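Structural characterization, general
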Amino acid sequence: MLSDEAAVSLGVRAVNAAVSSVGQAEGAMVEPPVIIWEHEVGSLLRYGDLIPRLEDALGKFSRRDSAEVIQPVRTVVPLQKHGGFLGLMPTYMENDGVLCTKFVCFYKREEGSTLPAVQATVVLLDPEYGNIKAVMDGEVITDMRTAAVSAISAKLLMSPGAEVLAILGTGKQALSHYNVFTEIFSFKEVRVWSQTKERVERFVRSVEGPVRRCSSAEEAVRGADVIVTVTRSTEPVLYGQWVKAGAHVAAVGACRPDWRELDDMLMKSAVVYTDSREGALSESGDVILSGAEVFAELGDVINGTKSAQREKTTVFKSLGMGVEDAVSAKLVFDQWTAKATKS
Ligand SMILES: NC(=O)C1=CN([C@@H]2O[C@H](COP(=O)(O)OP(=O)(O)OC[C@H]3O[C@@H](n4cnc5c(N)ncnc54)[C@H](O)[C@@H]3O)[C@@H](O)[C@H]2O)C=CC1
Ligand SMILES: O=C([O-])C1=[NH+]CCC1
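Residues numbered from 1 in each chain as written. Chains lettered and ligands numbered in written order. Predicted model: local features only at pLDDT ≥ 70, side-chain atom pairs only at ≥ 80, totals over all residues. Heavy atoms only, no water.

**Section: the overall build of the chain**
- Of the regular secondary structure elements, the chain holds twelve helices and 14 strands.
- Scaling as 2.2 N^0.38, a compact globule of 343 residues should have a C-alpha radius of gyration of about 20 Å, and the chain matches this with 21 Å.
- Expressed as a percentage of its 343 residues, the buried residues of the chain come to 52%.
- Charged side chains of the chain number 37 positive and 45 negative; the gap between the two group centres comes to 5 Å. (Helix = DSSP H or I, 4+ residues; strand = E, 2+ residues; numbered from the N terminus. Rg over C-alpha atoms; globule rule 2.2 N^0.38 Å. Buried < 20%, exposed > 50% of the residue type's maximum accessible area, 1.4 Å probe, protein only. Lys, Arg positive; Asp, Glu negative; His and termini not counted. Charge placed at Lys NZ, Arg CZ, Asp CG, Glu CD.)

Structure, rendered in C-alpha cells:
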C-alpha cells in the first residue's frame, strides 16, 4: 500500500515521465532528479547483491562489446594547488539501459592529515533522453564496490586453504575490505598495520571481529595468504621479499602513474591481473614503473578466456572502473524505487 506522499510522488513521476517522453522534443521540463545520500545508500547496498552484479560487469567489460559496455579510461584533471585530482568516470551499458558517471576527487594528503583521500558523487541518467534520474553519494559506493572487487579477485586467485589475511592501511577502504573479506571468507587470523599505533587502535575499535595489531608492515604480511594494500602511500609499502610464495595481493592504492605501493621484485615475480588493462597501463605506477607484464583482467578469468593461477603468487592491481559504479548505482536506484513503491 502506498503512503499518500509516495503515491503522489510516484504519480507525479509517472505523469512527468509520460510528458517528458512526448514533450522532450518540444523542450518540456523534465522532473528533477532524486537525491540519495550516504546513509540511505549504505542502508540499500549489500555485498550479497553487489558481488554477482560486479562479476557480471567485469565479464562484460572484458568482452569489449560496445553494446554491453562503453567505458573509456577515466579523464583525470590535476588539482595541483591541493595535491589532488578530479576523475570523471562515464559508462554506458546499452543492453542494460544504464548511463552513469562518477565524479571522484582523490588526494595525496599530507602526512598525518585526517581529511578524506576520496570524495565522490555518482549521477545516473536516462539514456533515452539524457536527463538525470538520480544524484547519489559516491563514497559508500566507492568503498563497497572497490572492496567487493578485491574480494572477487581473492575468490578467483587466492590459494584454496587461505587462512591469514593482512591489511596494510586503516582508512575507509581498509574498513570496507575488512567487512567484505570477513563476511564472505573464513580467515583464522586478520592482521592490520598502519603508520601509527593510534590508527591501528582506532581501526580495531571500529570493527566487530578479532584483529591482530602489527607494528610493522613486514610483521603483518610475513606468512599471510592474502594481502590487501589500501594506503595513500606514493612509495612501496609492500616488498616481494616478505611475501609468501603463492600469496594473493589485492593492491588498491597508488592510482597515479608515478605512485607505488608494491616494489619491483613483487611486481615482476607475481602473475599480474588488473580490472582494466588500458587503465593499468595509463594509471598504475606499480605496473608502468616496474615494467611488469599484465597477464589478464579479472573479467578474462570470469569469462574463462584466461586462467586463474592460484598456485602462483598473484597481484590484482585495482584502479577502479566506471562500470563498477554504474552497476552499483543502478542497484541502489532499483532498491530505492522498490522501497518508495512499498511504503
Ligand atoms: N582502486 C580503487 O578502485 C580505489 C582506490 N582508492 C585508493 O585507496 C587508497 C585508500 O583510500 P581510503 O581508504 O579512502 O583513504 P584513507 O585516507 O581513508 O586511508 C588511507 C590510509 O593510508 C595510510 N597512509 C597514508 N600515507 C601512508 C604512507 N605513506 N604509508 C603507509 N600508509 C599510509 C593512512 O594512515 C590511512 O590508514 C587511496 O590511495 C585511494 O586513492 C580509493 C578508492 C577506490
Ligand atoms: O575508482 C575510483 O573511484 C578511484 N580510484 C582511485 C581513486 C578513486
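**Observations concerning the site of ligand 2**
- Near ligand 2 you find R74, M89, K102, V104, F106, T142, R145, C255, L319 and G320, and these make up its full shell.
- Contact between ligand 2 and R145: an oxygen atom at 2.8 Å from a side-chain N or O atom of the residue.
- Within the backbone of L319, one N or O atom sits 2.9 Å away from a nitrogen atom of ligand 2.
- Protein contacts shield 92% of the accessible area of ligand 2, which totals 250 Å² for the unbound molecule.
- A per-element tally of the shell around ligand 2 places strand β4 (residues 98-107) first, with three residues.
- Looking at the shell around ligand 2 residue by residue, the class counts come to five nonpolar, two polar and three charged.
- In terms of domain composition, the shell around ligand 2 takes at least three residues from each of domain 1 (25-141 + 324-342) and domain 2 (143-321). (Near = heavy atom within 4 Å. Polar contact = N/O pair within 3.5 Å; in protein donor to acceptor, adjacent residues only side chain to side chain. Areas by Shrake-Rupley, 256 points an atom, 1.4 Å probe, with all protein chains shown as cover. Nonpolar A, V, L, I, M, F, W, Y, C, P; charged D, E, K, R; others polar. Domains from an automatic or database assignment.)

**Side note on unusual backbone geometry**
- Its identity is not glycine, yet R64 carries a phi of approximately 55 degrees, on the positive side.
- The topology assignment puts R64 in the loop between α3 (47-63) and β2 (75-79).
- Classification of R64 as partly exposed rests on a relative accessible area of 40%.
- Despite not being glycine, A254 has its phi angle at roughly 50 degrees, a positive value.
- Note on placement: A254 falls in the loop between β11 (248-251) and α8 (264-269).
- Taking the relative accessible area as the measure of exposure, A254 reaches 3% and is therefore buried.

**Observations regarding α3**
- The terminal C-alpha atoms of α3 lie 24 Å apart, and with 17 residues this matches the ideal 24 Å at 1.5 Å per residue to within 8%.
- Taken residue by residue, α3 has Y47, L50, I51, L54, A57, L58, G59, K60, F61 and S62 as its buried positions.
- Of the residues trailing α3, R64 is marked for its positive phi of about 55 degrees. (Expected span 1.5 Å × (residues − 1).)

**Concerning the domain arrangement of the chain**
- Once the domains are mapped, the chain shows domain 1 (25-141 + 324-342) and domain 2 (143-321).
- Here the C-alpha centre of domain 2 lies 23 Å away from the C-alpha centre of domain 1.
- Of the residues lining the interface, 37 residues belong to domain 1; the matching set on domain 2 comes to 38 residues.
- A per-residue breakdown of the area domain 1 buries against domain 2 is headed by Y47, L58 and E324, which together make up 23% of the total.
- Viewed at the interface, domain 2 and domain 1 are joined by seven salt bridges.
- Here K155 makes a salt bridge to E55, at a shortest N to O gap of 2.7 Å.
- There are 20 residue pairs in polar contact (both at pLDDT 80 or more) connecting domain 1 and domain 2. (Contact = heavy atoms within 4.5 Å. Buried area = accessible area lost by both parts, 1.4 Å probe. Salt bridge = Lys/Arg side-chain N within 4 Å of Asp/Glu carboxyl O.)

**Remarks on the confidence of the model for the chain**
- Mean pLDDT for the chain: 92, with 92% of residues reaching 70 or above.
- Across residues 1-23 the pLDDT falls below 50, and counting only partners more than four positions away or on other chains, this stretch makes 23 contacts in the model.
- Among the scores for the predicted complex, ipTM is 0.99 and pTM is 0.93. (pLDDT = per-residue confidence, 0-100.)

**What to know about the pattern of salt bridges**
- Tallied over the entire structure, the rule returns 22 salt bridges.
- The partner of K60 in a salt bridge is D96, and the shortest N-O contact between them spans 2.9 Å. One end of the pair, K60, is in helix α3; the other, D96, is in the loop between β3 (84-93) and β4, with 36 residues separating them in the sequence.
- Note on D96: relative accessible area 34%, which makes it partly exposed.

**Side note on the pairing of strand β8 (residues 189-193)**
- The element β8 is extensively covered by neighbouring structure, given that four of its five residues are classed as buried.
- Pairing analysis gives five bridges linking strand β7 (residues 164-168) to β8, with the strands arranged parallel. Bridged to L168 within β8 is W193.
- The β-α-β motif built from β7, the intervening helix α5 (residues 172-184) and the parallel element β8 has right-handed crossover chirality.
- As paired strands, β8 and strand β9 (residues 212-213) are joined by two bridges and run parallel to one another. In the sheet register, V192 faces β9, and the bridge partner there is R213. (Pairing = 2+ DSSP bridges. Right-handed = clockwise from strand over helix to strand, strands pointing away.)

**Points about the site of ligand 1**
- Looking at ligand 1, there are 25 residues lining it, with T170, Q173, R199, R232 and S318 nearest.
- A distance of 3.1 Å separates an oxygen atom of ligand 1 from a polar side-chain atom of Q195.
- A distance of 2.9 Å separates an oxygen atom of ligand 1 from a polar backbone atom of T231.
- About the coverage of ligand 1: the protein hides 90% of its 860 Å² of free accessible area.
- For the shell around ligand 1, the secondary-structure elements that each account for two or more residues are α4 (139-157) and α5.
- Looking at the shell around ligand 1 element by element, the count peaks at three residues for α4.

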